[in-house]
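As a plain string of letters, each chain reads:
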Amino acid sequence: MYETSFSQAPFVYEALPTRVVFGSGMRSAVPEEVSRLGISRALILHGRSHDAVHQELQRALGERYAGAFDGARMHTPVDVTEAAMKQVAELSIDGIVAIGGGSTTGLAKAIALRTDLPQIVLPSTYAGSEMTPILGETRGGLKTTQRSLKVLPEVVIYDVDLTLDLPADLSGTSGMNAIAHAVEALYAREANPVISALALQSVRALARALPAISADPGNRPARTDALYGAWLAGICLGSVGMALHHKLCHTLGGSFDLPHASTHALVLPHALAYNAPAVPQVMAQLCDALGVERDAPAALQAINRAIGAPAGLAALGMPQDGIARAVELALANPYWNPRALTSDGLTQLICDAFHGNEPRAYG
Ligand code: NAD
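It should be emphasised that the depicted structure is a prediction, and the values quoted were computed from it without experimental measurement. (Residues numbered from 1 in each chain as written. Predicted model: local features only at pLDDT ≥ 70, side-chain atom pairs only at ≥ 80, totals over all residues. Heavy atoms only, no water.)

## Examining the overall build of the chain
For the chain, the count of helices and strands is 13 helices and 8 strands. Overall, the chain is about 60 × 50 × 40 Å in size when its C-alpha atoms are taken along their principal axes. Across the 363 residues that make up the chain, the buried fraction comes to 54%. For the chain, the share of sequence-separated contacts (at least 6 apart) that also reach a separation of at least 24 residues comes to 76%. Here the chain has roughly 15100 Å² of accessible surface; of this, 53% comes from carbon and sulfur atoms. Between the centroid of the 26 positive side chains of the chain and the centroid of its 33 negative side chains there is a distance of 2 Å. (Helix = DSSP H or I, 4+ residues; strand = E, 2+ residues; numbered from the N terminus. Buried < 20%, exposed > 50% of the residue type's maximum accessible area, 1.4 Å probe, protein only. Contact = heavy atoms within 4.5 Å. Areas by Shrake-Rupley, 256 points an atom, 1.4 Å probe, with all protein chains shown as cover. Lys, Arg positive; Asp, Glu negative; His and termini not counted. Charge placed at Lys NZ, Arg CZ, Asp CG, Glu CD.)

Right, dumping it as structure tokens:
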């Protein structure tokens, strides 16, 4: 009997409108992209580690440079956005250029939500926020997430050179954060063959590149593959809903103030092992993409070892008595997931991630 090669289920696919410029040295395209968007007064957002790039772009933009802001923080606190908004008003800017990781991109998106100003984003990590219409903001310690096309950047410039100085440990965990987007896209409720193709290509690129970057952070071909994989993973994150893994990471990160990328790296093998019995076809595809015969969760844990990821959530500062609270929170308001959630199963999963154990079958 003939079966389709991609999907037997009906699906909906919706493309998101972002222009992408990719390649080593491509930050040189910023002035041209600023012109294309008709920006005459650009505000540059940058992390402290990118002051030299900020100055380079200031020179390149000349009179179209209006000023800079370097105060972005993880989880987009609203008070930081309000401080940046003062500068937006005082400088009468008409466009944003953001250089940095997910935190800087988050601030650009928060300004765009309030102003609808155009954004040009130059990512320097593998978090993928630049490809999504999603914004998480924190007010009074509480993080809320919303979707709006207003926050989706108009232009993303992936300059591989901006990732060369991303420290080896953060490169590895940030890359695992990207793999997590791709993995959960494969079994998402809205999964579709286009996004699944991108997801598998993303896993292939990142799984190969991350150990090479860990051994030699200046390995430009590996950096190129990793950034390519992160781009594709970002498309996955922006296009379909995420499941148990992302719910757990949001809960753990928010409740215990754990670092974003490392939390994703440590939870992913266990969350995938939990879901494995419900998605056998995805597990086979993932094994193929990861270059192993069986046991995709173990292959992901092997990448964690190769990149020197922290030993477990305990090493990130999560308290032992937080395990029960995390389970309770994850069950209270769950995301859609391909496998039903059980308290016992989640407790085993989080315990293993806490201690840095090998992933196994969860009940
Ligand atoms: P980050 O942006 O906070 O960066 C981590 C650290 O690395 C920072 O200290 C930063 O200054 C430094 N850094 C970044 N790039 C560097 C480079 N090339 N060289 C040297 N140092 C560098 O971390 P992140 O993991 O990229 O982003 C996490 C944030 O992004 C979280 O707030 C998360 O919620 C958000 N996020 C949002 C989405 C979304 O779709 N809305 C998606 C992914 C992540």
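## A closer look at helix 2 (residues 51–61)
In an α-helix, one turn spans 3.6 residues; hence positions three or four apart end up facing the same way. Along helix 2, the residues classified as buried are Val53, His54, Leu57 and Leu61. One side of helix 2 carries all its buried residues, which in axial view fall inside an arc of 100°. Those residues of helix 2 that are exposed and angled more than 90 degrees off the buried face are Ala52 and Arg59. Where the residues of helix 2 are buried, they touch helix 1 (30–36), strand 2 (42–46), strand 3 (65–69) and strand 4 (95–100). Following helix 2 by one or two positions, Gly62 has its phi on the positive side, about 55°. (Arc of directions from axis to C-beta.)

## Brief notes about the site of the ligand
Around the ligand there are 22 residues in total, and Gly102, Ser103, Ser124, Thr125 and Thr132 lie nearest to it. Ile134 is positioned such that a nitrogen or oxygen atom in its backbone is 2.9 Å from a nitrogen atom of the ligand. Protein contact buries 81% of the 860 Å² of open area that the ligand shows by itself. With 3 residues, the single largest contributor to the shell around the ligand is helix 4 (residues 102–115). Counted by class, the shell around the ligand contains 8 nonpolar, 11 polar and 3 charged residues. Two domains each put at least three residues into the shell around the ligand: domain 1 (19–163) and domain 2 (168–355). (Near = heavy atom within 4 Å. Polar contact = N/O pair within 3.5 Å; in protein donor to acceptor, adjacent residues only side chain to side chain. Nonpolar A, V, L, I, M, F, W, Y, C, P; charged D, E, K, R; others polar. Domains from an automatic or database assignment.)

## Re the pairing of strand 3
Most of strand 3 is tucked away: 4 of the 5 residues are buried. Taken together, the 4 bridges between strand 2 and strand 3 define a ladder with parallel strand orientation. Each residue of the ladder has a partner; that of Leu45, found in strand 3, is Phe69. (Pairing = 2+ DSSP bridges.)

## Focus on the packing of aromatic side chains
Evaluated as defined, the whole model comprises 5 aromatic pairs. Here Phe22 and Tyr228 contribute two aromatic rings whose centre-to-centre distance is 6.5 Å and whose plane-to-plane angle is 90°, an arrangement assigned as edge-to-face. Of this pair, Phe22 sits in strand 1 (residues 19–22) while Tyr228 sits in helix 7 (residues 220–239), placing them 206 residues apart in sequence. The class for Phe22 is partly exposed, based on a relative accessible area of 29%. Every member of this aromatic cluster is reached through a ring pair, and the members are Phe22, Tyr158, Tyr228 and Trp231. A cation sits over an aromatic face here: Arg339 above Tyr274, 4.5 Å from the ring centre. (Phe/Tyr/Trp six-rings, centres within 6.5 Å; stacked < 30°, edge-to-face > 60°. Lys NZ or Arg CZ within 6 Å of the ring centre and 35° of its normal.)

## Digging into helix 8 (residues 244–256)
Between its first and last C-alpha, helix 8 extends 18 Å over 13 residues, near the 18 Å set by a 1.5 Å rise per residue. For helix 8, the set of buried residues is Leu244, His245, His246, Lys247, Leu248, Cys249, Thr251, Leu252, Gly253 and Phe256. Asp257 lies just past helix 8 and shows a positive phi near 55°. (Expected span 1.5 Å × (residues − 1).)

## Quick notes on unusual backbone geometry
Peptide bonds are mostly trans, and most non-glycine residues show a negative phi. We note that Thr76 has phi near 45°; this positive angle belongs to a residue other than glycine. Within the secondary structure layout, Thr76 lies in the loop between strand 3 and helix 3 (78–90). Positive phi outside glycine occurs at Asp116, with the angle close to 60°. Assignment of secondary structure puts Asp116 in the loop between helix 4 and strand 5 (119–123).

## Description of the packing of helix 5 (residues 168–186) against helix 8
The geometry of helix 5 relative to helix 8 is characterised by a closest axis approach of 9 Å and an angle of 140° between their N-to-C directions. What the angle tells us is that helix 5 and helix 8 run oblique. Contacts between helix 5 and helix 8 pair Ala180, His181 and Glu184 from the former with Leu244, His245 and His246 from the latter. Residue composition of the contact of helix 5 with helix 8, grouped by class: 2 nonpolar, 3 polar and 1 charged. (Axes fitted to C-alpha atoms, helices over the stretch in contact; angles between N-to-C directions. Parallel < 35°, antiparallel > 145°, perpendicular 65-115°, else oblique.)

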